[in-house]
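Structural features, examined
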Amino acid sequence: MADATSAPAQPELKRAIGPKLLLFFVIGDILGTGIYALTGNVAGKIGGALWLPFLLAFVVAFLTAFSYLELVGKYPKAAGAALYTNRAFKIQFLTFMVAFAVMSSGITSAASAALAFGKTYLQAVLREFFSDSIAVPATLVAILFILGLAAVNFRGVSESVKANVVLTCIELSGLLIIIAIGIWAVVQGDGDASRLTQVDPAPGQSAFLAITSATALAFFAMVGFEDSVNMAEECREPVRIFPRAMLMGMGVAAVIYVLVAITSSLLIPADELAKAGSGALLKVVTVGAPGFPLWLFSLIGLFAVINSALINMLMASRLLYGMSNEKIIPQFFAVVHPFRRTPWISIIFTSGIAVILVSFVDIAALGGTTSLLLLIVFAIVNVAVLVLRKEKADHEHFRAPTWVPWLGVITCTFLASPLSGRPLADYKIALYLLGAGVVLWAINYFVHGKTEEFDPEKLAK
């Protein structure tokens, strides 16, 4: 058996997810803050060829997806990258750091969503209904947004995958509106197609570096697909349905992103998109469809960032709780509230980090840090799939061509490195976050001594 250590008395999770629900889950997990908040920032790095970094980000993510598919087919358990790292390298500290990096990426992703909420979409709604009579400090709104998520997280959230279908459709509707505006503009003869091939590097920067730095940031928009492996134990026939659902879901998301990017460049020069920042898509709606109610698109954007942020903060607090419950960081993080039955100390800790981030870091750096952390994790997963080839499963499963994980290691490592043109701020934030993890690990080690073997499968329970 792939895993002979499961406790026989522990009931299995209900296998309620079929191929269609899994497909919607993958699409819904990818769509969200990335495209809604960072389109303008990506345009500022590359110029009018805005579609190119999103396409390249998809290719890199697609390579890593093949590694995830082989591993989830081989080990259909709900623990993802931490499980694969643990089985491949059997280094407890490395397994912990991978899990902590995933947790940290959830916090930075939620923080970027909070800034998009406070600085862009809420402000747009208020302007539509109250003109400029109400001035709300954006950073204060972002902090209150994080505190609101913490309150919901503390109360306890039980989400079904069927509800995710509805959430995905709403998020998707906003992007389809942008695409429809682009089609209408082309039919009317509007838009400047010559922008689509323009690469405008910063002074002293090569075109290649402009493309790679934009791709490193755009990669944030393609993450989320890896979360679907945590649903493996709740899927019917996961070995059979995962490959098609994940690859098709990623393909659908990539097509939507490329079309949104093309529409944005057709209608608005890159420098104006960059100036609009997280409000770039709002500017596209304003220019391409002046009669369209901007408040409606703003509400859709609000929903998209709220949903992304809540999912990420739930994941981050539960991962921290799981690591504490496994006695690999101080155990007070595993304290559960007696009435709400939620890990309230872990919620306060992760929310506190998010508040600090939204207070002092801009949205582009938060998005870049999220992609950096996950690119590092993906590079490790791509190595793990090669190492684990020596373990044979007792059932047939998807197997990636050997060159795919090798190319995944190279591309993920390159985009995570300074060679890609990634700004120094991304590394500083990542080091602070991972450094906090090392400190927690060290405190636990010196107080309690060597811990029992870390079981990452329990993190997903």
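What counts, and at which threshold
- Residues numbered from 1 in each chain as written.
- Predicted model: local features only at pLDDT ≥ 70, side-chain atom pairs only at ≥ 80, totals over all residues.
- Heavy atoms only, no water.
- Helix = DSSP H or I, 4+ residues; strand = E, 2+ residues; numbered from the N terminus.
- Buried < 20%, exposed > 50% of the residue type's maximum accessible area, 1.4 Å probe, protein only.
- Polar contact = N/O pair within 3.5 Å; in protein donor to acceptor, adjacent residues only side chain to side chain.
- Salt bridge = Lys/Arg side-chain N within 4 Å of Asp/Glu carboxyl O.
- Core = buried A, V, L, I, M, F, W, Y, C linked by side-chain atoms within 4.5 Å.
- Expected span 1.5 Å × (residues − 1).
- Contact = heavy atoms within 4.5 Å.

Where an unreviewed UniProt entry is consulted, the chain appears under the name APC family permease, with the organism given as Umezawaea endophytica.

Right, let's get into the environment of Thr342. With respect to the helices and strands, the residue Thr342 is situated in the loop between α12 (294-325) and α13 (344-360). Among the residues examined, Thr342 registers a relative accessible area of 2% and is labelled buried. Put simply, Thr342 and Arg155 are 187 residues apart on the chain and 7.2 Å apart in space, counted from C-alpha to C-alpha. A polar side-chain atom of Thr342 sits 2.6 Å from the main-chain carbonyl oxygen of Phe154.

Pairing of side chains with opposite charge becomes possible as their charged atoms draw close. Per the stated rule, a full pass over the model turns up three salt bridges. When the shortest N-O distance is used, the salt bridge between Glu70 and Arg389 registers 2.7 Å. Taken together, the residues Glu70 in helix α3 (residues 51-74) and Arg389 in the loop between α14 (363-387) and α15 (403-416) connect sequence positions 319 residues apart. Judged by its relative accessible area of 1%, Glu70 is buried. Arg87 is the partner of Glu391 in a salt bridge, and the nearest nitrogen-oxygen pair spans 3.5 Å. Here Glu391 is found in the loop between α14 and α15, whereas its partner Arg87 is found in helix α4 (residues 80-89), with 304 residues between them in sequence.

Here we come to the nonpolar core. Judged by nonpolar contacts, the single largest core of 149 residues is most densely connected at Tyr84 and Phe225. Examining the composition of this core, we find that 19 residues originate from one element, helix α5 (residues 92-130), more than from any other.

We now examine α15. Taking 1.5 Å per residue, 14 residues should reach 20 Å; α15 reaches 20 Å between its end C-alpha atoms and fits that length. Here α15 has its buried residues at Val404, Pro405, Gly408, Val409, Thr411, Cys412, Leu415 and Ala416. Buried residues along α15 sit in contact with α3, α8 (207-218), α14 and α16 (424-448).

Leave glycine aside and you will find that most residues have negative phi; peptide bonds, for their part, are mostly trans. Residue Lys90 is not a glycine yet carries a positive backbone phi of 55°. Its location among the elements puts Lys90 in the loop between α4 and α5. With relative accessibility at 62%, the residue Lys90 sits in the exposed group.

It is worth spelling out the side chain of Thr39 at this point. Mapped onto the elements, Thr39 comes out in helix α2 (residues 33-46). Those residues in contact with Thr39 that lie beyond four places of it in its chain are Gly34, Leu50, Ser264, Ala280 and Leu281.

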